[in-house]
Every structure is written in C-alpha cells, then in structure tokens.
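Results of the structural survey
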Amino acid sequence: MVNVENKMSLIFYAIGAVAGIVSGVLSTQAQMGYVVGLLLYLISPKVVMALVKDLPDELKDERVLLRKGFWGFLLFWLYFTIFSYNLILQPEPKFYSNQSLLYNLTRG
C-alpha cells in the first residue's frame, strides 16, 4: 500500500507532466502558454484533496499542499514543457561561422 505522502507526490508529478505538455503545446502557438501551467499548479491542491481521502489534518490546507508539491510540480512541468515544445518545433542550430566546433561536428 502506498502511503499518503507518496500518493500526494505522484499526483503532483502527474499534474506537472500534464501541465508541461499542455504548456509546451500552447507555447508554440501563443506566448501565454506558460500561464496554463501556473493555473494548473494553483488548481492542483483541490485535485490532491479530491483524490487522496486519508490526508492528515496538517495537509488539508491548500497553501501547505502548494508548498509541499512545489518542487515536484515545477521540475516535471519544466521538463515536459521543454520536451513538448522542442518536439513540435524541432529547432535547427544556426551556424555563424564555418570554423565553429558545432559546425564541424554536425557537418564534418
């Protein structure tokens, strides 16, 4: 059986991953795509409280849950935002000199 802290962390990771994918996809179309990630972060305590019924009393405050899940959410959100953004746009490096190491590694 998974304890309450681990359930809470897994939910924050999942919400961070979903928010990252949504933010990355929306960021390719509009500059405000990152705001969606922030909004999902602010909604995440409600999701945690709805899914984890046996939360201890000290974790039933939304601000405490936001503080506890900040780093897990942030790292998953950042990773999946960059991943999905680069997957969609597939940026190409620009060479400013044919003497550069990157140019020689990719073209040589």
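Attention in this report is confined to the structure presented alongside it. Keep in mind the model is a prediction, meaning the values are calculated, not measured.

1. A look at helix H1 (residues 4-27)
An ideal rise of 1.5 Å per residue puts 34 Å on 24 residues; H1 measures up with 34 Å between its terminal C-alpha atoms. Of all the residues in H1, the buried ones are Val 4, Met 8, Ile 11, Phe 12, Ile 15, Gly 16, Ala 17, Ala 19, Gly 20, Ser 23, Gly 24 and Ser 27. Those residues of H1 that are buried are in contact with helix H2 (33-51) and helix H3 (62-89).

2. Some remarks on the packing of aromatic side chains
For the structure on display, the rule yields eight aromatic pairs. On the basis of an interplanar angle of 75° and a centroid distance of 5.0 Å, the ring pair of Phe 70 and Trp 71 is categorised as edge-to-face. Look at Tyr 79 and Phe 83: their rings are 6.0 Å apart centre to centre, the planes differ by 10°, and that puts the pair in the stacked class. Here Phe 83 and Tyr 79 lie together in helix H3, a separation of four residues that amounts to about one turn. For Phe 83, a relative accessible area of 42% gives the class partly exposed.

3. As for the side chain of Ser 23
By secondary structure assignment, the location of Ser 23 is in helix H1. A residue is classified by how much of its surface remains accessible, and Ser 23, at 0% relative accessible area, is buried. Within the local environment of Ser 23, its side chain forms a polar contact with the backbone oxygen of Gly 33, the two atoms lying 3.4 Å apart. If we ignore the near neighbours within four places in the chain, the residues touching Ser 23 are Gly 33, Tyr 34, Val 36, Gly 37, Trp 77 and Thr 81.

Cut-offs and rules
- Residues numbered from 1 in each chain as written.
- Predicted model: local features only at pLDDT ≥ 70, side-chain atom pairs only at ≥ 80, totals over all residues.
- Heavy atoms only, no water.
- Helix = DSSP H or I, 4+ residues; strand = E, 2+ residues; numbered from the N terminus.
- Expected span 1.5 Å × (residues − 1).
- Buried < 20%, exposed > 50% of the residue type's maximum accessible area, 1.4 Å probe, protein only.
- Contact = heavy atoms within 4.5 Å.
- Phe/Tyr/Trp six-rings, centres within 6.5 Å; stacked < 30°, edge-to-face > 60°.
- Polar contact = N/O pair within 3.5 Å; in protein donor to acceptor, adjacent residues only side chain to side chain.

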